[in-house]
Every structure is written in C-alpha cells, then in structure tokens.
Amino acid sequence: MPTMTLQIPTEDGQADAFAAYPDGGGQHPGVLLYMDIFGVRPVLEEMARELAGHGYYVLVPNVFYRRGPAPVVELPEHIGAEARPTVFSRLKPLMEEHTPERVLRDADAYLGFLADRPEAGAGPVAVVGYCMGAALAMRTAAAHPDRVAAAAGFHPSALVTDAPDSPHRLVPGLRAEVHLGLAEGDMTPEAIAEFEQALDAAGVAHTCEIYPGTVHGFTMADTAAFDPAALQRHWDRLLPLLDRTLTKG
C-alpha cells in the first residue's frame, strides 16, 4: 500500500502530513483525518492505512505544524496514566493556539490539496476526527457543505461550549451525515441533547452513540485508554458511513 509524507502549502506555512491510499492506481474518495491532541504518530498512520485498505485516499495533517513537524513534542512509546499529565501539559497550549480561524484557513488548504491529488480527485470527501479532531471535523464540514459528505467524531471534546462559535452552533451549515462515538463521560447528557437537537433542527442525518465501558481516547492503541472492542465498534460505524456517503453516494 503506497504511503508518503507530504508538505501542504497553507496561508501560514507548510503543514507536514501523512497520506495512505490503495494500490493499483485510479482515483479514490478522499478522507481528511484529524489527529487527537497527541498528534500524527504511528498509531494514526496505521489507522490511515486501515482506511486506505478499504478504498480511500487518507490524508492526516499535523495541525500543530506552526510549532514544527510531527512529533511536535517527544512522546513515550505508550502514553500511560503516569506520562499523560506531563505530555498533555506540553500539548494543551498548542491546542489552545489552534483557533477556529486557523482551523478554517487550514481546512481550505487541506481540502484544496485533496482536490488536486491525482489519486483522490475533486469529489465529495469525509472528515473524521479524534478527541480535539472531532471539533475540527465539524468545523470543516460546516464550512464546506458542498464538499463534505460525511463527518465523524470519536471521543470528542469541546463540541458544545458557551462560545459564540461553538461547533454545535455551526450545525445549520452542515449537509454531511454525522456520527459521534462517545466515551462515557465525554459529554454531559444535557450537552448531547443540545447537540442532537441542533442536528435535528438542521435536518442533518446523524447517530450519536455512547460506547459502553469506555474512557476518553478509546481508539488509540498507544494510550492507557485503549479499548479493542470499542475500536472495532468505531470501524463498524465508520466504514458503513463512508460507504454510504462516498462510495455509493
């Protein structure tokens, strides 16, 4: 399976990114995969390869590129409970610097890059995000309703806030089908209800599901939060969504 490391021109510089796509030539539907706070690393590259094996061109940008190429901070091979607070404290300022304005500027660049790739083409795409990446996926889908056909977020953070540009307030701009896979405790019942009410009011097809027995970060095999059954459940939800919206849609 072909993979490569790429440089994506943006308004603020060059974003390094990982891409994976099927063998055999031709064009494949594009998937923009947004990282969790720990960034682009082998576990995300493996997830990109898995998706590519199902027939997609998968692009995984380092959204913290303004601070340097991935890995922006040194990561342990396994992010356990003892290491997590230190690593998170180093990365939290980078997450806070990644403002909605930066998210949208970068999203324009990432989607433009996908449209120009001969292996991907200019058709509809999906955006998928993990942890902080879920909010990036929703912002991207809302800003590009004519391009994004599916948006998925897993163990998301900060989807419903008091900010005037909270992701849930952008839902009227969505045209993509949405799936949210939540860990227990990711969002309060009230926040889930508010997000779903916004989706319903906008007429957006969606599923919002709490994956039982999980904690935040359950898809990530290099963390203490990893849950193999929940990772499989995530594939069982994500792959049919992509098939409906990109392959058959």
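Structure first, text after, so check above.
How each quantity is defined
Residues numbered from 1 in each chain as written. Predicted model: local features only at pLDDT ≥ 70, side-chain atom pairs only at ≥ 80, totals over all residues. Heavy atoms only, no water. Pairing = 2+ DSSP bridges. Helix = DSSP H or I, 4+ residues; strand = E, 2+ residues; numbered from the N terminus. Axes fitted to C-alpha atoms, helices over the stretch in contact; angles between N-to-C directions. Contact = heavy atoms within 4.5 Å. Buried < 20%, exposed > 50% of the residue type's maximum accessible area, 1.4 Å probe, protein only. Right-handed = clockwise from strand over helix to strand, strands pointing away. 1 Å grid on protein atoms, 1.4 Å probe; cavity = no way out; pocket = protein on both sides within 12 Å on 5 of 7 lines; lining within 4 Å. Points joined across faces, edges and corners; volume = space filled by probe spheres on them. Nonpolar A, V, L, I, M, F, W, Y, C, P; charged D, E, K, R; others polar.

### Some thoughts on the sheet that holds strand 3 (residues 30–34)
The strands making up a sheet associate through hydrogen bonds between their backbones, and the pairing can be parallel or antiparallel.
Phase 1: Read across the sheet, eight strands follow the order 1-2-4-3-5-6-7-8 without closing on themselves; strand pairing throughout is mixed. If you trace the sheet from one side to the other, it starts and ends with strand 1 (3–10) and strand 8 (206–211), each paired once. On average, adjacent strands in this sheet sit at an angle of 20° to one another, irrespective of strand direction.
Phase 2: Relative to strand 8, strand 7 (residues 177–183) runs parallel, the two sharing six bridges. Following the sheet pairing, A183 is matched in strand 8 by Y211.
Phase 3: Together, strand 1, strand 2 (13–20), strand 3, strand 4 (57–61) and strand 5 (125–130) form the strand contacts of helix 1 (residues 42–52), whose direction differs from that of strand 2 by roughly 55°.
Phase 4: With respect to the sheet, helix 5 (residues 189–202) is in contact with strand 7 and strand 8, its orientation differing from that of strand 8 by roughly 165°.

### Let's talk about the pairing of strand 5
Side chains on a regular strand alternate between the two faces of the sheet.
Phase 1: Along strand 5, six of the six residues are buried, which leaves the element largely enclosed by surrounding structure.
Phase 2: Taking every second residue as pointing to the same face, both faces of strand 5 are buried, with V125, V127 and G129 on one and A126, V128 and Y130 on the other.
Phase 3: As paired elements, strand 3 and strand 5 share five bridges and run parallel to each other. Along strand 5, the bridge assignment pairs L33 with V128.
Phase 4: Direction of pairing for strand 5 relative to strand 6 (residues 148–154): parallel, over a ladder of six bridges. Residue pairing across strands places V128 opposite A152, the latter belonging to strand 6.
Phase 5: On the question of chirality, the crossover connecting strand 5 to the parallel strand 6 by way of helix 4 (residues 132–143) is right-handed.

### Quick notes on the layout of surface pockets
Phase 1: Counted as a void, the largest pocket has a volume near 340 Å³.
Phase 2: Lining the largest pocket we find 21 residues, and of these M95, H98, M132, A135 and A158 sit closest to its centre.
Phase 3: Breaking the lining of the largest pocket down by element, the ones donating at least two residues are helix 2 (84–97), helix 3 (100–116) and helix 4.
Phase 4: Here the lining of the largest pocket is built from residues that sort into 11 nonpolar, six polar and four charged.

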